[in-house]
Amino acid sequence: MMQNHLFNMPTDCNLNLLPKDGRIYYQPGVFDETQCNHFLTALQDSLVWEQDRLLMFGRIVITRRKVAWVGDPKCTYTYSGAQKNPQAWTPELLLIKSKMEAIAQSEFNSCLLNLYYDGSDGMGWHSDNEEELDAKAPIASLSIGARRKFAFRNKKDKETLSLFLENGSVLTMHTPTQKYWQHSLLKTKTVTAPRINLTFRKIIPPHE
């Protein structure tokens, strides 16, 4: 029988929130409101943002949500049939990356940024399991802006759990989470403010 759990804000950043088949950790307040406000403006101004083009049921769907792909040279990334070439790291992103690497205890060479204008923008159920990704490395996700509800769903028994991602918080997903769980950013009519999500990843660059 499917179970649905909503977590209150965890107070222990070393607490694994998944009941099985993976590990996720949540840490609020990694960056304060002043820093987040600066990042929200600087990232929108310094990066090239594009509407996402998704291949769904054999046709291309263009989202209102916009994305930016940043990384080391040769860190190309392909999902939903579209290949993305990396933009260069900005000073703000390098500062954030250093903090994320310290939290995740892992090195990252790329970052996928999603800009959600309000609660009508979301992300459907999926796993971050593209073949370019290092399956052994964690994915660290920073939330900037509006508070949004984020959910996980077990691929086998459909058990779900969800939590609210606060401004300046970090959610870290460790192996084998992507193998056994999907995740989703749920839409809502109650949120009118924008949010940027930064997911730091480790890409395996192609061989020369």
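Further up the page is the structure itself.
Residues numbered from 1 in each chain as written. Predicted model: local features only at pLDDT ≥ 70, side-chain atom pairs only at ≥ 80, totals over all residues. Heavy atoms only, no water.

1. A closer look at the overall build of the protein chain
We apply this condition: We count a stretch as a helix when DSSP gives it H or I for four or more residues in a row; a strand needs E for two or more, and each element gets its number in order from the N terminus. For the radius of gyration, the atoms used are the C-alpha atoms, and the globule rule reads 2.2 Å times the number of residues raised to 0.38. The rule is simple: take the accessible area with a 1.4 Å probe, protein chains only, and divide by the maximum for that residue type; under 20% is buried, over 50% is exposed, in between is partly exposed. Residue contacts follow a heavy-atom distance rule, with two residues in contact if any of their heavy atoms lie within 4.5 Å.
Scanning the protein chain for helices and strands turns up 3 helices and 14 strands. A compact globule built from 208 residues should have a C-alpha radius of gyration of about 17 Å, and the protein chain, at 16 Å, falls within 12% of that. C-alpha extents for the protein chain along the principal axes are approximately 45 × 40 × 35 Å. Here the protein chain holds 208 residues, and the buried ones make up 48% of them. Counting contacts in the protein chain only where the partners sit at least 6 residues apart, residues at least 24 apart contribute 73% of the total.

2. A word on the state of the cysteines
Working definition: the covalent bond between the sulfur atoms of two cysteines is a disulfide. What counts here: Throughout, a disulfide means two cysteine sulfur atoms within 2.5 Å of one another.
Evaluated as defined, the whole model comprises 0 disulfides. Unpaired in this structure, C13 has its nearest cysteine sulfur neighbour in C36, at a distance of 17 Å. When its relative accessible area of 33% is taken as the criterion, C13 is described as partly exposed. Not engaged in a disulfide, the cysteine C75 finds its nearest cysteine sulfur in C111; these two sulfurs lie 12 Å apart. Accessibility expressed as a relative area gives 2% for C75, which makes it buried.

3. A few points about the pairing of strand β7 (residues 110–116)
Quick reminder of the rule: When DSSP locates at least two bridges between a pair of strands, those strands are taken to pair.
Counted residue by residue, β7 has 7 buried out of 7 residues, so it is predominantly covered. Here β7 shows a buried face lined by S110, L112, N114 and Y116 and a second buried face lined by C111, L113 and L115. Pairing of strand β4 (residues 59–71) with β7, which is carried by 6 bridges, proceeds in the antiparallel orientation. Within β7, the residue paired with G71 across the bridge is S110. Across 7 bridges, the pairing between β7 and strand β14 (residues 195–201) is antiparallel. Note that in β14 the partner of L112 across the bridge is T199.

4. A short note on the nonpolar core
So the rule is basically this: Take the buried Ala, Val, Leu, Ile, Met, Phe, Trp, Tyr and Cys residues and link them wherever side-chain atoms come within 4.5 Å; each set so joined is a nonpolar core.
Core analysis: the largest hydrophobic core is formed by 26 residues, its most contacted members being L43, L93, L113, L198 and F200. Sorting the residues of this core by element identifies α1 (33–46), β4, α2 (91–104), β7, β9 (139–145) and β14 as the ones contributing at least two each. Among the nonpolar cores identified, the runner-up in size contains 23 residues, and L17, L18, V67 and Y79 belong to it.

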